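Residue-level structure breakdown
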Amino acid sequence: MSWASQPCDTANTLKACQWRPRTLRVARLVEMVIVYRFFSHAASTNSFMVKWKGKDLFDLVCRTLGLRETWFFGLQYTIKDTVAWLKMDKKVLDHDVPTEEPVTFHFLAKFYPENAEEELVQEITQHLFFLQVKKQILDEKIYCPPEASVLLASYAVQAKYGDYDPNVHKRGFLAQEELLPKRVINLYQMTPEMWEERITAWYAEHRGRARDEAEMEYLKIAQDLEMYGVNYFAIRNKKGTELLLGVDALGLHIYDPDNRLTPKISFPWNEIRNISYSDKEFTIKPLDKKIDVFKFNSSKLRVNKLILQLCIGNHDLFMRRRKADSLEVQQMKAQAREEKARKQMERQRLAREKQMREEAERTRDELERRLMQLKEEATMANEALMRSEETADLLAEKAQITEEEAKLLAQKAAEAEQEMQRIKATAIRTEEEKRLMEQKVLEAEMLALKMAEESERRAKEADQLKQDLQEARESERRAKQKLLEISSKSSYTQSVNSSTTALPTDLPSFNLISESLSFDFKDTDMKRLSMEIEKEKVEYMEKSKHLQEQLNELKTEIEALKLKERETALDILHNENASRGNSKHNTIKKLTLQSTQSRVAFFEEL
């Protein structure tokens, strides 16, 4: 990522001095790297370059970034395997910088805040700290326990991807992300999918947090890690015992070389009066003049210079935090509050618009679903009507056939009656013929009676078919009436649907590029914001308890998958501290309960 650079004087002056433009880039998304290329020219053309001081270069970078909280940062370079910081009041060329080209400076946080939420005002400051601390955790320069690593990874994902959406953030979307230290990954028999599942479960709970809020939550958790913000240096006391000196925002800490988590002794900055060095010997004068000074030796003079720089800067910031804010800081905090309120109002407005759009889309989908349902009902009614019409036609045809059969049977019955009358009229002379005739007459009468009964049955069947036909026509009439009702409903739904579909286009647009937003912050708004901040503090305390429960739950869950033989020394030390209930802050508090004199004496006897 390239950044345009502007010198302290005009661009024409810079061009005349033949000092090639500086290239600024973010290295691995964390540190600003400034590459200088010096060219050999006559002294007259290099006069401007010779006068360039560290502050000029530092201010150039800060202006480029829009950074105002400059007191946390510095320009770092490496010389003979030792890091050093560019001095603001010293010329760049007077520093013991490497002679080879190009000369590279890293723009990094030099001093860390005690409380990130209270001290880091600008969003760009928070972002730079987030990137640097995240890199230090992933590079294992800051020890982070496995369960906390998963939680921090979830906030990093929230900062990068925004709110979790299962339709967008599908399984495997974190496959290419570097989110956990390799030490944590190697410590457990867990696949990348299993880690992703646990990170995503916490990521889903962060819904609604903006990028700056997620990054601040990351820093609030990271600042409680034992190695956060501590610069370690190898030293020896008077007895020649090898120790580690830790310099951070709270004071000076003495560590065992094999244990960078728990200090053996601590000296807060408010107990230290003076710090100085001579050659490789470093001298600390306590605030109480009755207490003897204590000394230690470092390996190199260059290291003593670095220790002194860090001590002076951290001490100044320590005392500054305990005084009233300067006018500049007050203005920055006021602007930050207004900006936070503006962003909060903007997020609320966007959330309302998003909710309205979602409701409109749900209404549209419901109407479309209802329309499809009505169309299906209309289709079914049409099919029922067609079946009713076919049934009515079949019944009418059957009734006609039955009626014709009844007429035919009646005709046959009449013919039988005529035959019977003809037989009766015929004279039979013999008794046998008469008996035969009577028998035939009887049979004819029985046949006529059967034919009459059959005729009557057929007539009743014809009447029943006529009645069925009437009912079928009635059903057909009702089906046609229902179809008309459904048709009228469909036309109404289509008109409502068209109006609803057009609704989202009438809603306020999400496009913020072409709109100019202005907000009038009234006293009532600021009071309401203050009340909300107080409410957030109470909620934070409750969430902290819930968070600790979640961390313990995750730790218990993955404990069975841990490979004990892969535990590092820091893992073992952290587990011992956790089992004793020791944390970063209460450990330092316990150490400082002893008198300064007893701690100095203890240091001398180590």
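Residues numbered from 1 in each chain as written. Predicted model: local features only at pLDDT ≥ 70, side-chain atom pairs only at ≥ 80, totals over all residues. Heavy atoms only, no water.

This brings us to the overall build of the chain. Secondary structure assignment for the chain yields 17 helices and twelve strands. For the chain, with 606 residues in total, the buried portion stands at 40%. The long-range fraction of contacts in the chain, counting pairs at least 24 apart against all pairs at least 6 apart in sequence, stands at 69%. Working note: accessible area of the chain is about 35600 Å², and carbon and sulfur atoms make up 52% of it. (Helix = DSSP H or I, 4+ residues; strand = E, 2+ residues; numbered from the N terminus. Buried < 20%, exposed > 50% of the residue type's maximum accessible area, 1.4 Å probe, protein only. Contact = heavy atoms within 4.5 Å. Areas by Shrake-Rupley, 256 points an atom, 1.4 Å probe, with all protein chains shown as cover.)

With 107 residues, the main nonpolar core has Phe73, Phe105, Phe107, Val133, Ile137 and Phe603 as its most contacted residues. Tallying contributions element by element places helix α6 (residues 146–161) first for this core, with nine residues. The contact partners of Val133, leaving out residues within four places of it in the chain, are Tyr112, Ile142, Tyr218, Leu219, Ala222 and Tyr228. Residues Ala392, Ala399, Leu469 and Ala472 belong to the second largest nonpolar core, which totals six residues. (Core = buried A, V, L, I, M, F, W, Y, C linked by side-chain atoms within 4.5 Å.)

All right, on to the pairing of strand β5 (residues 103–109) then. With five of its seven residues buried, β5 lies for the most part within the structure. Two strands pair when backbone bridges link them, and strand β3 (residues 73–79) and β5 are joined in this way by four bridges, in the antiparallel orientation. Following the sheet pairing, Gly74 is matched in β5 by Leu108. (Pairing = 2+ DSSP bridges.)

Relative to the assigned elements, Lys238 resides in the loop between β6 (231–236) and β7 (242–247). When the C-alpha positions of Lys238 and Phe296 are compared, they lie 6.5 Å apart, and in sequence the two are 58 residues distant.

This part covers the packing of aromatic side chains. If you walk through the whole model with that rule in mind, you get 18 aromatic pairs. On the basis of an interplanar angle of 35 degrees and a centroid distance of 5.9 Å, the ring pair of Phe58 and Phe107 is categorised as tilted. Of the two residues, Phe58 is situated in helix α3 (residues 54–65) and Phe107 in strand β5; the sequence distance between them amounts to 49 residues. For the pair Phe58 and Phe107, a shared accessibility class is recorded, and that class is buried. By way of ring pairs, the aromatic residues Phe58, Trp71, Phe72, Phe73, Phe107, Tyr112, Phe129 and Tyr228 are connected into one cluster. Its guanidinium or amino end placed over the ring of Tyr232, Arg260 lies 4.8 Å from that ring's centre, counting from NZ or CZ. The ring of Phe318 carries Arg322 above its face, with NZ or CZ at 3.6 Å from the centroid. (Phe/Tyr/Trp six-rings, centres within 6.5 Å; stacked < 30°, edge-to-face > 60°. Lys NZ or Arg CZ within 6 Å of the ring centre and 35° of its normal.)

To continue, consider the pattern of salt bridges. In this structure the tally under the stated criterion is 30 salt bridges. The shortest N-O distance in the salt bridge between Asp96 and Arg302 comes to 3.1 Å. Here Arg302 lies in helix α10 (residues 301–321) and Asp96 lies in the loop between β4 (82–85) and β5, a separation of 206 residues in the sequence. For Asp96, a relative accessible area of 39% translates into the label partly exposed. Across the pair Glu119 and Arg321 runs a salt bridge whose closest N-O atoms are separated by 2.6 Å. Of this pair, Glu119 sits in helix α4 (residues 116–119) while Arg321 sits in helix α10, and the two are 202 residues apart along the sequence. Assessed through its relative accessible area of 17%, Glu119 is described here as buried. Residue class for Arg321 comes out partly exposed when judged on its relative accessible area of 22%. (Salt bridge = Lys/Arg side-chain N within 4 Å of Asp/Glu carboxyl O.)

It is worth spelling out the confidence of the model for the chain at this point. Predicted coordinates in areas of low pLDDT are best not read in detail. Overall, the predicted model of the chain reaches an average pLDDT of 79, with 81% of residues at or above 70. Counting contacts from residues 1–31, a segment whose pLDDT is below 50, to residues more than four positions away or on other chains yields 68 contacts. Low pLDDT, under 50, characterises residues 36–48; the predicted model gives this stretch 27 contacts beyond four residues in sequence or across chains. (pLDDT = per-residue confidence, 0-100.)

Most of β7 sits out of view: five of its six residues are buried. Of the pairings in the sheet, the one linking β6 to β7 comprises six bridges and is antiparallel in character. Residue Arg236 lies in a different strand from β7, and its bridge partner there is Glu242. Here β6 hands over to β7 after five residues, with Gly240 in that stretch at a positive phi of 85 degrees. Examined bridge by bridge, β7 and strand β8 (residues 251–255) share four bridges and lie antiparallel to one another.

Between the first and last C-alpha of α6 there are 22 Å, a value that for 16 residues agrees with the 22 Å anticipated at 1.5 Å per step. Burial analysis of α6 places 14 of its 16 residues in the buried class, the great majority of the element. Following α6 by one or two positions, Gly162 adopts a phi angle in the positive range, close to 75 degrees. (Expected span 1.5 Å × (residues − 1).)

Now for the side chain of Glu567. Tracing the backbone shows Glu567 in the loop between α14 (523–559) and α15 (569–580). Of the polar contacts made by the side chain of Glu567, one reaches the side chain of Asn575; its length is 3.3 Å. (Polar contact = N/O pair within 3.5 Å; in protein donor to acceptor, adjacent residues only side chain to side chain.)

Under the present numbering, the feature "binding site: a 1,2-diacyl-sn-glycero-3-phospho-(1D-myo-inositol)" (unreviewed entry) in UniProt falls on Lys87, Met88, Asp89, Lys90 and Lys305. Here Lys87 lies in the loop between β4 and β5. Lys87 gets classed as partly exposed once you look at its relative accessible area, which sits at 35%. If we skip the residues at most four places from it in the chain, Lys87 touches Gly54, Lys55, His95 and Gln309. Within the secondary structure, Asp89 is located in the loop between β4 and β5. (UniProt positions renumbered as here; feature names shortened; annotations may be inferred.)

Turning to the sheet that holds strand β12 (residues 294–298), a few remarks are in order. On the basis of which strands lie adjacent, the open sheet formed by seven strands has the order β9-β8-β7-β6-β12-β11-β10 and antiparallel pairing. The open sheet has two free edges, formed respectively by β9 (265–268) and β10 (272–278), since each of these has just one partner strand. When the angles between neighbouring strand axes are averaged without regard to direction, this sheet yields 30 degrees. Looking at chain direction, strand β11 (residues 281–286) and β12 are connected through four bridges and run antiparallel. Its bridge partner being in β12, Glu281 is matched across the sheet by Asn297. The strands touched by helix α17 (residues 596–605) within the sheet are β6, β7, β8, β9, β11 and β12, with β9 carrying the most contacts at an inclination of about 135 degrees. (Axes fitted to C-alpha atoms, helices over the stretch in contact; angles between N-to-C directions.)

Our focus in this paragraph is the packing of α6 against helix α8 (residues 192–203). Here α6 crosses α8 at 65 degrees, and the two axes come no closer than 8 Å. As for the relative orientation of α6 and α8, their crossing is right-handed in sense. Residue-level contacts link Glu147, Val150, Leu151, Ala153, Ser154, Val157, Gln158 and Tyr161 of α6 to Trp195, Arg198, Ile199, Trp202 and Tyr203 of α8. Here the contact of α6 with α8 is built from residues that sort into nine nonpolar, two polar and two charged. (Left-handed = near helix turned anticlockwise from the far one by under 90°. Nonpolar A, V, L, I, M, F, W, Y, C, P; charged D, E, K, R; others polar.)

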